[in-house]
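Single-letter residue listing:
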Amino acid sequence: MSALPSLPSPPADIAFEAIESHRLPDLLRRMPKAELHIHIEGSLEPELIFSLAERNGVKLAWPSVQALRAAYAFTDLQSFLDIYYAGASVLLHEDDFFDMAMAYFERAAADGVVRAEVFFDPQTHTERGVPVGVVIEGLSRARRAAFDRFGLSSELILCFLRHLSEDAALRTLEDALPWRQHFIGVGLDSSERGHPPEKFARVFARAGELGLRRVAHAGEEGPAAYIRSALDLLKVERIDHGVRCTEDPSLVAELAARGVPLTVCPLSNVKLRVFDDLSGHNLPELMAAGLWVTLNSDDPAYFGGYLATNFVDTFAALPALGARQAWQLAANSLEASFASPPQRALWRADLDAAFRGAV
Ligand code: ADE
Ligand code: ZN
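Given the structure is predicted, the values throughout are model-derived calculations rather than measurements. (Residues numbered from 1 in each chain as written. Chains lettered and ligands numbered in written order. Predicted model: local features only at pLDDT ≥ 70, side-chain atom pairs only at ≥ 80, totals over all residues. Heavy atoms only, no water.)

Thoughts on the overall build of the protein chain
Looking only at helices and strands, the protein chain has 17 helices and eight strands in total. On C-alpha atoms alone, the protein chain measures out to a radius of gyration of 19 Å, which is about the 21 Å that the 2.2 N^0.38 rule sets for 359 residues. Principal-axis analysis of the C-alpha atoms gives the protein chain an extent of 55 × 40 × 40 Å. Burial status across the protein chain gives 59% buried among its 359 residues. Partitioning the contacts of the protein chain with sequence separation of at least 6, the portion at a separation of at least 24 is 78%. Only carbon and sulfur atoms are counted for the fraction: they give 53% of the accessible area of the protein chain, which is about 13300 Å². Of the side-chain charges in the protein chain, 34 are positive and 48 negative, and the distance between the mean point of each set is 2 Å. (Helix = DSSP H or I, 4+ residues; strand = E, 2+ residues; numbered from the N terminus. Rg over C-alpha atoms; globule rule 2.2 N^0.38 Å. Buried < 20%, exposed > 50% of the residue type's maximum accessible area, 1.4 Å probe, protein only. Contact = heavy atoms within 4.5 Å. Areas by Shrake-Rupley, 256 points an atom, 1.4 Å probe, with all protein chains shown as cover. Lys, Arg positive; Asp, Glu negative; His and termini not counted. Charge placed at Lys NZ, Arg CZ, Asp CG, Glu CD.)

Encoded structure:
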């Protein structure tokens, strides 16, 4: 596994202690940051689900936007996924994927996101007869438009659904190869328990041969052992979630030593009952252990907020987090992105300028 260098450290001239706490929420919203864990299908707001359902003649199981929103009372990951897949059933045409992604990019840009590495689940659509090319063309058109309109840099990461077979994942990857230049990597998502990373060793090896970057969800609901096998057997460069690593102190030490980024999603973790509330989240523990933590929104339309809300609400709930940690999380996200080193350096300079200007 390629290791990142040690955690980014701030320039000595930024006076974090001088930043008044009432200015922090605004800074959290404005500071340049990367979002590395966002499922584009999880950005479908109920209003857009209903308008696409009407446009496409799709019948939904809920009579209204309010009834759908009221169903967002999840007890675990699976209870969420059942509704998430039902919501995605309204996506049929290239324009639907474009509209969904543009709505996300507009909100992300308003939240200070300068770089988004966006997950998409082709199998959620191909299983309903939507060709993978329709999905990728729609999302790619939105990426280009987001760069033109908002200056937002983005890439796509193709995720395999782990509740399906590895053969299905292999077919999905091969079917997507005519659009190889439109995505930079592969990921692994959906129901974690009972579907360990080792089930997907061959398809991740194939992705590696193709020069694709590799990431995987692990240690969200599943055990710490899944984090280890994602690293060792799938050769991933980042772990999505990973919060359960603290159940294995030797794994925490290894993640810190290897500089493995974790894409942590606090509002998601509370909504899916990984933690009871934000004040009990283990983010301060992860950061204190020297881990390469980033904050992300996961499925913002379902979990109560986009990236800036994740930052603001989490910082409000956890007194250990202040301006220094805000800088660290933003710098971690920029450096853990798959953008080029010169581009990352430009964003880092903008980040430092935002903090100098806040003093
Ligand atoms: N697909 C969308 N969101 C997910 C999550 N939080 N975990 C696993 N699979 C997902
Ligand atoms: Zn996720």
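Structure's up, so let's keep going.
With respect to the coordination of the zinc ion (ligand 2)
Looking at the zinc ion (ligand 2), the protein donor atoms are H37 (NE2), H39 (NE2), H217 (NE2) and D298 (OD), and they sit 2.0 to 2.3 Å from it. Here the zinc ion (ligand 2) binds four donor atoms, and the angle range of 84 to 175° at the metal identifies the geometry as irregular. Of note, the donors binding the zinc ion (ligand 2) are all from one chain and are spaced H-x1-H-x177-H-x80-D. Of this pair, H37 sits in strand 1 (residues 33-39) while D298 sits in the loop between strand 8 (292-295) and helix 14 (300-303), and the two are 261 residues apart along the sequence. (Donors = N, O, S within 2.8 Å, 3.2 Å for Na, K, Ca; no water. Tetrahedral: all angles 85-135°; square planar, octahedral: opposite > 155°, others 65-115°.)

So, the sheet that holds strand 8
Taken in spatial order, the eight strands make up an open sheet running 1-2-3-4-5-6-7-8, and their pairing is parallel. Strand pairing shows two members of the sheet lacking a second neighbour, strand 1 and strand 8, which therefore form its edges. Strand after strand, the sheet turns through a mean of 25° between neighbouring axes, direction not considered. (Pairing = 2+ DSSP bridges. Axes fitted to C-alpha atoms, helices over the stretch in contact; angles between N-to-C directions.)

Remarks on the side chain of R115
Looking at the secondary structure, you find R115 in strand 2 (residues 113-120). A distance of 2.8 Å separates the side chain of R115 from the side chain of E117, its partner in a polar contact. Not counting residues within four places of it along the chain, the set of residues in contact with R115 comprises K33, A34, E35, L152, S153, S154, E155, I184, S337, F338, A339 and W347. (Polar contact = N/O pair within 3.5 Å; in protein donor to acceptor, adjacent residues only side chain to side chain.)

A look at the pairing of strand 2
Burial analysis of strand 2 places eight of its eight residues in the buried class, the great majority of the element. Sheet topology note: the strand 1/strand 2 ladder contains five bridges and is parallel. Directly across from K33, in strand 2, lies its bridge partner V113. Strand direction decides the pairing type here: strand 2 and strand 3 (residues 153-161), joined by six bridges, are parallel. Across the sheet, the residue bridging to V118 is L156, located in strand 3.

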